[in-house]
Amino acid sequence: PRMTDPGGLWMLRLLTRGNTGFLFEDSMLYALVNIRLFEATLRHGLAPESAGSIAAWAILLCTAMNDPVSAAQFVRVSIQHAEASGDPEQRCLCYMTQGGIIGHWRNPLAESRPWIEKAIQASMECGLVEYTGYCHSHLCFRSGRNLRIGNPFYCLVRSVAYEDDT
């Protein structure tokens, strides 16, 4: 079912937008918020923002609970929901979760790049500049000599247009 409660929808939007800050501030707060978001989706139905909460649940499954098999299933569901919702912000979050966090636990690392590139495209569609940066950092991190899926940092720097403000 779809979530229709205005208060529930507001809570999902607010907490989803603050998710990155929670992660950087306190990993336990991030876990608590995302458990609550996932619980709200289970109790009250799906909203576009549910895709991000399902993806965050996949992250918790993979990292805190050491269950990459279940995490891969949840991130797949999150991607399906994000694509069905048409929300580029949610697509960005889910693609980045697959490409940057979950996918490489069970698949060859080279399979991460297309997901990260899709996340970059979605982040630029909706103006999530910080996620564009996170995605590029995933590409740079995976650009080591033996990894060969990312762009070396010097190529990334060359691809960015700088304005001279002097």
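Novice: Could you give an account of the packing of aromatic side chains, naming the residues involved and the relevant values?
Specialist: Tallied over the entire structure, the rule returns five aromatic pairs. Relative to tryptophan 57, the ring of phenylalanine 38 lies with its centre 5.0 Å away and its plane at 5°, an arrangement referred to as stacked. Placement of the pair is phenylalanine 38 in helix α3 (residues 27-44) and tryptophan 57 in helix α4 (residues 50-63), with a sequence separation of 19 residues. Here phenylalanine 38 and tryptophan 57 have matching classes, each one buried. The interplanar angle of 70° and the centroid separation of 5.7 Å between the aromatic rings of phenylalanine 38 and phenylalanine 74 together place this pair among those described as edge-to-face.

Novice: Give me the packing of α3 against α4: which residues, what numbers.
Specialist: As a packed pair, α3 and α4 sit with axes 9 Å apart at the nearest point and diverge in direction by 130°. Between α3 and α4, the crossing angle belongs to the class labelled oblique. The crossing of α3 and α4 is left-handed. On α4, the residues touching Tyr30, Ala31, Asn34, Ile35, Leu37, Phe38 and Thr41 of α3 are Ser50, Ser53, Ile54, Ala56, Trp57, Ile59 and Leu60. Its residues placed into classes, the contact of α3 with α4 shows ten nonpolar, four polar and no charged.

Novice: Pulling in residues and values, what's your account of the layout of surface pockets?
Specialist: Size it by volume and the largest pocket reaches roughly 420 Å³. Taken together, 19 residues make up the lining of the largest pocket; nearest its centre are Leu23, Ile59, Met96, Ile101 and Tyr131. A per-element tally of the lining of the largest pocket places α4 first, with five residues. Here the residues of the lining of the largest pocket sort into eleven nonpolar, eight polar and no charged.

Novice: An account of the nonpolar core is requested, with residue identities and associated values reported.
Specialist: Formed by 22 residues in total, the largest nonpolar core has its most connected members in Tyr30, Ala71 and Ile102. Where this core is concerned, the elements lending two or more residues are α1 (6-17), α3, α4 and α5 (68-85). Here the element with the most residues in this core is α4; it accounts for eight residues. Membership of the second largest hydrophobic core comes to 17 residues, among which are Ile79, Ile116, Ala119 and Ile120.

Novice: Describe the confidence of the model for the chain, with residues and values.
Specialist: Taken residue by residue, the chain gives an average pLDDT of 83. The fraction at 70 or more is 85%. Ranking the helices and strands of the chain by mean pLDDT puts α5 first, with 95, and helix α9 (residues 153-159) last, with 52. Residue range residues 161-166 is modelled with pLDDT below 50. Its contacts to residues more than four positions away, or to other chains, number one contact.

Novice: Pulling in residues and values, what's your account of the packing of α4 against helix α6 (residues 88-102)?
Specialist: Following both chains from N to C, one finds α4 and α6 inclined at 15°, their axes separated by 8 Å at the closest point. One way to sum up the angle between α4 and α6 is to call them roughly parallel. In the crossing of α4 with α6, the sense of the turn from one axis to the other is left-handed. Contact with α4, carried on its side by Ala51, Gly52, Ala55, Ala58, Ile59 and Cys62, involves Gln90, Leu93, Cys94, Thr97, Ile101 and Ile102 of α6 and no other residues of that element. Within the contact of α4 with α6, the residues separate by chemical class into nine nonpolar, three polar and no charged.

Novice: Could you give an account of the pattern of salt bridges, naming the residues involved and the relevant values?
Specialist: Between side chains of opposite charge, a pair can form when the charged atoms approach closely. By the definition in use, this model includes seven salt bridges. Residue glutamate 89 pairs with arginine 17 through a salt bridge whose shortest N-O separation is 3.1 Å. Residue glutamate 89 is located in helix α6, and its partner arginine 17 is located in helix α1; the two are separated by 72 residues in the primary sequence. Looking at glutamate 89, the relative accessible area reads 13%, which means it is buried.

Rules used in this analysis
- Residues numbered from 1 in each chain as written.
- Predicted model: local features only at pLDDT ≥ 70, side-chain atom pairs only at ≥ 80, totals over all residues.
- Heavy atoms only, no water.
- Phe/Tyr/Trp six-rings, centres within 6.5 Å; stacked < 30°, edge-to-face > 60°.
- Helix = DSSP H or I, 4+ residues; strand = E, 2+ residues; numbered from the N terminus.
- Buried < 20%, exposed > 50% of the residue type's maximum accessible area, 1.4 Å probe, protein only.
- Axes fitted to C-alpha atoms, helices over the stretch in contact; angles between N-to-C directions.
- Parallel < 35°, antiparallel > 145°, perpendicular 65-115°, else oblique.
- Left-handed = near helix turned anticlockwise from the far one by under 90°.
- Contact = heavy atoms within 4.5 Å.
- Nonpolar A, V, L, I, M, F, W, Y, C, P; charged D, E, K, R; others polar.
- 1 Å grid on protein atoms, 1.4 Å probe; cavity = no way out; pocket = protein on both sides within 12 Å on 5 of 7 lines; lining within 4 Å.
- Points joined across faces, edges and corners; volume = space filled by probe spheres on them.
- Core = buried A, V, L, I, M, F, W, Y, C linked by side-chain atoms within 4.5 Å.
- pLDDT = per-residue confidence, 0-100.
- Salt bridge = Lys/Arg side-chain N within 4 Å of Asp/Glu carboxyl O.

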